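Each chain is listed here by its residues.
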Amino acid sequence: MRYATVANLKSHISNQKKSMEVKIEESWKSRLQNEFDQPYFADLVNFVKQEYATTTVFPPAKLIFNAFDQCPFDKVKVVILGQDPYHGIGQAHGLCFSVNNGVRFPPSLVNIFKEISDDLAAPTPTSGNLERWAQQGVLLLNATLTVRAHLAGSHQGKGWETFTDAAIRILAEERENIVFLLWGSYAQRKGMVIDPAKHKILKAVHPSPLSAYAGFFGCKHFSLANQYLVEKGLQPIEW
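These lines cover the structure that appears in this document, whether it is placed above or below. Here the structure is a predicted model, which means the values were calculated and not measured.

**Notes on the packing of aromatic side chains**
Within this structure, the stated rule accounts for 21 aromatic pairs. With a centroid separation of 5.4 Å and an interplanar angle of 50°, the aromatic rings of phenylalanine 41 and phenylalanine 163 are classed as tilted. Highlighted residues: phenylalanine 41 in helix α2 (residues 39-54) and phenylalanine 163 in helix α6 (residues 160-174), separated in sequence by 122 residues. Residue classification places phenylalanine 41 among the buried residues on the basis of a relative accessible area of 1%. Using a relative accessible area of 0% as the deciding quantity, one classes phenylalanine 163 as buried. Each member of the aromatic cluster is reached from another via a ring pair, and the members are Trp28, Phe36, Tyr40, Phe41, Phe65, Phe68, Phe73, Trp160 and Phe163. Against the face of phenylalanine 217 rests lysine 114, its NZ or CZ located 4.7 Å from the ring centre.

**What to know about the pattern of salt bridges**
Tallied over the full model, the rule gives five salt bridges. The partner of aspartate 165 in a salt bridge is lysine 190, and the shortest N-O contact between them spans 2.5 Å. Of this pair, aspartate 165 sits in helix α6 while lysine 190 is found in helix α7 (residues 185-190), placing the two residues 25 residues apart along the sequence. In this structure aspartate 165 comes out as partly exposed when scored by relative accessible area, which is 33%.

**Section: the pairing of strand β6 (residues 78-82)**
Among the five residues that make up β6, five are buried, leaving the element largely enclosed by the rest of the structure. Side chains Val78, Ile80 and Gly82 of β6 all project onto a buried face; the interleaved residues Val79 and Leu81 project onto the opposite face, where all are buried too. Note that β6 and strand β7 (residues 138-142) share five bridges and pair parallel. The residue bridging valine 79 from the neighbouring strand is leucine 139, located in β7. Alignment of β6 against strand β9 (residues 179-183), held across three bridges, turns out to be parallel. Within β9, the position partnered with isoleucine 80 by the bridge is leucine 181.

**Quick look at the layout of surface pockets**
Estimated volume of the largest pocket: approximately 560 Å³. If you go around the largest pocket, you meet 33 residues; those closest to its centre are Gln83, Asp84, Tyr86, Phe97 and His206. Among the elements of the structure, β6, α4 (107-120) and α7 are those that each provide at least two residues to the lining of the largest pocket. Residue classes in the lining of the largest pocket are distributed as 16 nonpolar, 16 polar and one charged.

**Digging into the sheet that holds β9**
Spatially, β7-β6-β9-β10 is the arrangement adopted by the four strands of the open sheet, whose pairing is parallel. Strands at the two margins of the open sheet, each flanked by one partner only, are β7 and β10 (200-204). Between one strand and the next, the sheet's axes are offset by a mean angle of 20°, whatever the strand orientation.

**Regarding the environment of glutamine 188**
With respect to the helices and strands, glutamine 188 occurs in helix α7. Contacts of glutamine 188, omitting those with residues within four sequence positions, involve Leu182, Lys203 and Ala204.

**Quick notes on the environment of glutamate 231**
Position of glutamate 231 among the secondary structure elements: in helix α8 (residues 221-231). Owing to a relative accessible area of 56%, glutamate 231 belongs among the exposed residues under this scheme. Separated by 54 residues in the primary sequence, glutamate 231 and asparagine 177 have C-alpha atoms spaced 9.8 Å apart.

**Focus: the packing of α2 against α6**
Between α2 and α6, the least distance of the axes is 9 Å, while the angle of their chain directions is 125°. Relative to α6, the element α2 lies oblique. As for how α2 packs across α6, the hand of that crossing is left-handed. In this structure, α2 uses Tyr40, Phe41, Leu44 and Val48 to contact α6, whose residues at the interface are Trp160, Thr162 and Phe163. Of the residues in the contact of α2 with α6, the class split is six nonpolar, one polar and no charged.

**So, the state of the cysteines**
Tallying each qualifying case throughout the model produces zero disulfides. No disulfide involves cysteine 71; its sulfur sits 11 Å from the nearest other cysteine sulfur, which is in cysteine 96.

Rules behind the numbers
Residues numbered from 1 in each chain as written. Predicted model: local features only at pLDDT ≥ 70, side-chain atom pairs only at ≥ 80, totals over all residues. Heavy atoms only, no water. Phe/Tyr/Trp six-rings, centres within 6.5 Å; stacked < 30°, edge-to-face > 60°. Helix = DSSP H or I, 4+ residues; strand = E, 2+ residues; numbered from the N terminus. Buried < 20%, exposed > 50% of the residue type's maximum accessible area, 1.4 Å probe, protein only. Lys NZ or Arg CZ within 6 Å of the ring centre and 35° of its normal. Salt bridge = Lys/Arg side-chain N within 4 Å of Asp/Glu carboxyl O. Pairing = 2+ DSSP bridges. 1 Å grid on protein atoms, 1.4 Å probe; cavity = no way out; pocket = protein on both sides within 12 Å on 5 of 7 lines; lining within 4 Å. Points joined across faces, edges and corners; volume = space filled by probe spheres on them. Nonpolar A, V, L, I, M, F, W, Y, C, P; charged D, E, K, R; others polar. Axes fitted to C-alpha atoms, helices over the stretch in contact; angles between N-to-C directions. Contact = heavy atoms within 4.5 Å. Parallel < 35°, antiparallel > 145°, perpendicular 65-115°, else oblique. Left-handed = near helix turned anticlockwise from the far one by under 90°. Disulfide = S-S within 2.5 Å.

Structure below.
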């Protein structure tokens, strides 16, 4: 896989210990270059660099664009939208709802796995690392790509949402037959740019314990997504 350095990030971003080069997968870079050239993105870069230099931020700087790196533009078959990265130590690695191996499953991920098990009559997954999904074409995209440790929402309203809105819009416009799993009102608002005539949109409440019993459990999104992919001649996801 070929990568290209994001010019507006000046090839490096500082974290608490050292400077680290930030790269993004080439097929995404070519389509998002206009965003990198915008003033808001320069402001965002300055904010993010300052945060990594002065406090603890997740995910590690090299994994900020991990969702894009793991799932090239032309390989996307399913999109799952999250909001913030996990803000606990060792959890976030750049894929929404996913945690590193060996990390206890957060409650929303527990509920996602419960629905997978019930929907597909399958064993509960033993690893919370969802790279296995990304490598099959599942874009696991948070609206905000960074967060300060132990402070949910701390990097909201700084420009990430504009950037990820652009990524969703470009994907929805240039591709077709993608399944968008929109869980909760936030993801559903973010997905309003998606044309349902071109793509499959599946909506449910968020898998958080606060709402999962109000419609996430029993939504059957995983079997429905695979059914749609098969109908379009695409390989289903091994959830």
